[in-house]
Each structure stands twice: as structure tokens, then as C-alpha cells.
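Here is how the chains run, residue by residue.
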Amino acid sequence: MTMTTTHQTNNTNMADPKPTPKITVSVVPKPKATAAAQHTPQSPPVKPNTAVKLRQFNAWYGQTHVLHDINADLPEKHVTAFIGPSGCGKSTLLRWVNRMNDLVPTARATGEIKLHELDLLSRSTDVVDLRRRVGMVFQKPNPFPKTIYENILFGPKLHLKLNKTESDQLVETSLRQAALWEEVKDRLHTSALSLSGGQQQRLCIARAIAVGPEVLLMDEPCSALDPKSTSAIEDLMAELRKTYTIVIVTHNMQQAARASDYCAFLYHGELVEFDATDKVFTNPQDERTESYITGRFG
């Protein structure tokens, strides 16, 4: 609601009572809530702790400068959505957070990325342990050509020695967290490739959380899924953020508005705006942000 007040003055008789101020009130109606938007998170009342900190972060592929002086604090146990047009550097940023770009010969970066106090870009950082602490879910589901059971235990077996009882318990716990247990509990030893696309993506999420990460990175996890599966993944994120810090890249503005607590807008490799999601979508501070979220470009 916006309020404009106009004051009138009267100098003819100082004894006269003051005239009543003329008040004009204009009300901007809130859009009606839809079923898809009923669980849209609101900005937290207290600033949360920082899970991942970026300072003066720059990234290149060869001579192409992809990301420019990124500074951001990604909040712990919340969902942060990175939005922006194709080629703005969203996925590149995610890939540097868990050092996936180590596998790209032309990729290099400067600046700082920290997971709490761990310097992620340091040569001394154990990349295998880092990828345990920072899991990643990709655009297309990529289950291993193994059984459902073996998919879940693939990562834990690299770090832990589990007996049969512990393995069974970990598989069940991970699948329950991924809201998949009831659908697959009677076929754990069948191929993961027999699952539907949405089930495969939830299996990949279960596989990622089985190693006990602190952060889950999701690079357009719903772009290859149907609306029903997309809704299931969004509901899952709402539940998982109670335990994990989630960072998602999405081109879907409605999804960013529904599923995230904080939203960061990248444009031409620059971080234009980063704030609570409801503020970004209802009161953006930069004209470029407003133009993008209203569909004027992208």
C-alpha cells in the first residue's frame, strides 16, 4: 500500500481551526495466491548464518571472462536461486563451488570462495572431501547403471566402512529424505534406469545426501521433468532446506519465486541484485532485474 499526503495551509485567520489534511490513498492489490504459490517462502526475520562466502570472485574459460567480481553470502539452511539469461555464468558459479571446473583445462578463477572456513579454491583443499561436503545434482538425471541400492551406497563406500545393517539403514534414510522410499522399497535391487525421470532425479538427490553433505547444488534440476515431477522436487527442496543449504540455478521465474528464500540475479557475468526472494520479485532495486523477471528480455 502506498500513501500520499497533501497538506493545505490557511493564513487568513490564525484563530481558525487547522483544515483537515487531504489524504489520498492508493492500494496496490496483492495477486491472488495460486495453488502453485501457496508455499512461497517469505524473507526470514533474522539474517541467517553464511554457509558459502564469495569475495571478488572472477572466472574465465580461456580468454573469456565469465564472472566478474562476485561478492555474495549464501545463507545456511535456506534455498538460494540464481537466475539470469543463458550464458550469464550461473552454472559456472555452481561448478566452481565444488570444483567441477577442475576438469576443464581452460577454466581458471581468482578471488575467494569459502565453505565456512574452508578455502575452496586452495590447492591444498581435498577435492574428494569437498565433493562429499558439497553435493551436486545436474540438469538431467544421471543415475549409475546399477541397482537403486548400489546407487545410494556408491558415495558412502568411498568414505565409510559399513556393514549390511548400516548399509540398509543408510539406503532407507536417504530414500526417505528424498521422498522416494515408499515408491521403491520393494525393488531396491532392480536397475535405477527403470525409474521414471522424476524418480531418477530424486534418486540422484538421495545419492547426493547419502554422504552427509552440508550444501546441495542443483543445476536446473527440473528442466527435463514434467510438471508433476517438478512439483515433487520443489516440495522436496522445501523439506531438505531444514537440514541442508541449497543453491539452485533455474530459468523458471515461477520456480524461483515458489521455491527459494533468496534470489540472485546474474547478468553478463555480474551479480546485479541479491536479496530475499519476495523483495527481488516485488520490489527489485535495479531496472535490469525488473526487466528480466517481467519478461522484457531473457
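Note that the structure is a prediction, hence the values are computed from the model and not measured.

Visitor: How would you sum up the confidence of the model for the protein chain? Please name residues and give values.
Guide: Summary statistics for the protein chain give a mean pLDDT of 87 and a share of 84% for residues scoring 70 or more. Counting interchain partners and residues more than four positions distant, the pLDDT-below-50 stretch residues 1–45 has 35 contacts.

Visitor: Break down the packing of aromatic side chains for me, citing the residues and quoting the values.
Guide: Summed over the entire model, instances satisfying the criterion amount to five aromatic pairs. Taken together, a centroid distance of 4.6 Å and an interplanar angle of 55° make the contact between F144 and F154 tilted. Of this pair, F144 sits in the loop between β8 (134–137) and α3 (148–153) while F154 sits in the loop between α3 and α4 (156–159), and the two are ten residues apart along the sequence. What makes F144 partly exposed here is its relative accessible area of 25%. A residue is classified by how much of its surface remains accessible, and F154, at 38% relative accessible area, is partly exposed. Consider the rings of F265 and Y292, whose centres lie 5.2 Å apart with planes at 25°: the pair is stacked. Residue F265 is found in strand β11 (residues 262–267), and its partner Y292 is found in helix α11 (residues 287–293); the two are separated by 27 residues along the sequence. The class of F265 is buried, set by a relative accessible area of 1%. Every member of this aromatic cluster is reached through a ring pair, and the members are F265, Y267 and Y292. In this structure, R108 is placed above the aromatic ring of W60, and the distance from its NZ or CZ to the ring centre is 4.1 Å. One residue, R207, lies across the ring of F144, its end atom 4.0 Å from the ring centre.

Visitor: Requested: an account of the packing of helix α7 (residues 197–209) against helix α8 (residues 227–240), with residues and values cited.
Guide: At their nearest, the axes of α7 and α8 sit 9 Å apart, and the two run at 20° to each other. If you check the angle between α7 and α8, you find them roughly parallel. Considering the relative orientation of α7 and α8, their crossing is right-handed. Between α7 and α8, the contacting residues are G198, Q201, R202, I205 and I209 on the first element and S229, I233, L236 and L240 on the second. Residues of the contact of α7 with α8, tallied by class, amount to five nonpolar, three polar and one charged.

Visitor: Please provide a residue-by-residue account of the side chain of S122, values included.
Guide: One can find S122 in the loop between β7 (118–119) and α2 (127–133). Among the polar contacts made by the side chain of S122, one reaches the side chain of S124 at a distance of 2.8 Å.

Visitor: For the sheet that holds strand β9 (residues 215–219), give the residues involved together with the corresponding values.
Guide: Within a sheet, each strand pairs with its neighbour through backbone hydrogen bonds, oriented either parallel or antiparallel. The strand order β8-β9-β10-β5-β11-β12 describes an open sheet built from six strands, whose pairing is mixed. Each end of this open sheet is capped by a strand with a single partner; those strands are β8 and β12 (270–276). For this sheet, the mean angle separating the axes of adjacent strands, direction not counted, is 15°. As paired strands, strand β5 (residues 79–83) and β11 are joined by four bridges and run parallel to one another. Each residue of the ladder has a partner; that of T80, found in β11, is Y262.

Visitor: So, the pairing of strand β4 (residues 64–75): which residues are in play, and what are the values?
Guide: Taken together, the eight bridges between strand β3 (residues 50–61) and β4 define a ladder with antiparallel strand orientation. Each bridged residue has a counterpart across the sheet, and for K53 the counterpart in β4 is D73. Between β3 and β4, which pair antiparallel one after the other, the connecting turn spans two residues, and G62 there sits at a positive phi close to 60°.

Visitor: Got a sec to walk through the pattern of salt bridges? Specific residues and values, please.
Guide: In total, this model carries 13 salt bridges according to the counting rule given. Note that D73 and R55 form a salt bridge whose closest N and O atoms lie 2.9 Å from each other. Here D73 is found in strand β4, whereas its partner R55 is found in strand β3, with 18 residues between them in sequence. On the basis of relative accessibility, which here comes to 30%, the residue R55 falls in the partly exposed class. Between R133 and E214 there is a salt bridge, and its shortest N-O distance comes to 2.5 Å. Separated by 81 residues along the polypeptide, R133 in helix α2 and E214 in the loop between α7 and β9 bring together distant segments of the chain. The class for R133 is buried, based on a relative accessible area of 16%. Residue class for E214 comes out partly exposed when judged on its relative accessible area of 26%. Connected via shared salt-bridge partners are E172, R176, E182 and K185.

Visitor: If you had to explain the packing of helix α5 (residues 164–177) against α7 to someone new, which residues and values would you point to?
Guide: The geometry of α5 relative to α7 is characterised by a closest axis approach of 8 Å and an angle of 125° between their N-to-C directions. On the basis of the axis angle, α5 is oblique to α7. Taken as a pair, α5 and α7 cross one another with a handedness that is right-handed. The segment α5 lies against α7, with S174, L175 and Q177 engaging L203, A206 and I209. When its residues are assigned to classes, the contact of α5 with α7 shows four nonpolar, two polar and no charged.

Parameters and conventions
- Residues numbered from 1 in each chain as written.
- Predicted model: local features only at pLDDT ≥ 70, side-chain atom pairs only at ≥ 80, totals over all residues.
- Heavy atoms only, no water.
- pLDDT = per-residue confidence, 0-100.
- Contact = heavy atoms within 4.5 Å.
- Phe/Tyr/Trp six-rings, centres within 6.5 Å; stacked < 30°, edge-to-face > 60°.
- Helix = DSSP H or I, 4+ residues; strand = E, 2+ residues; numbered from the N terminus.
- Buried < 20%, exposed > 50% of the residue type's maximum accessible area, 1.4 Å probe, protein only.
- Lys NZ or Arg CZ within 6 Å of the ring centre and 35° of its normal.
- Axes fitted to C-alpha atoms, helices over the stretch in contact; angles between N-to-C directions.
- Parallel < 35°, antiparallel > 145°, perpendicular 65-115°, else oblique.
- Left-handed = near helix turned anticlockwise from the far one by under 90°.
- Nonpolar A, V, L, I, M, F, W, Y, C, P; charged D, E, K, R; others polar.
- Polar contact = N/O pair within 3.5 Å; in protein donor to acceptor, adjacent residues only side chain to side chain.
- Pairing = 2+ DSSP bridges.
- Salt bridge = Lys/Arg side-chain N within 4 Å of Asp/Glu carboxyl O.

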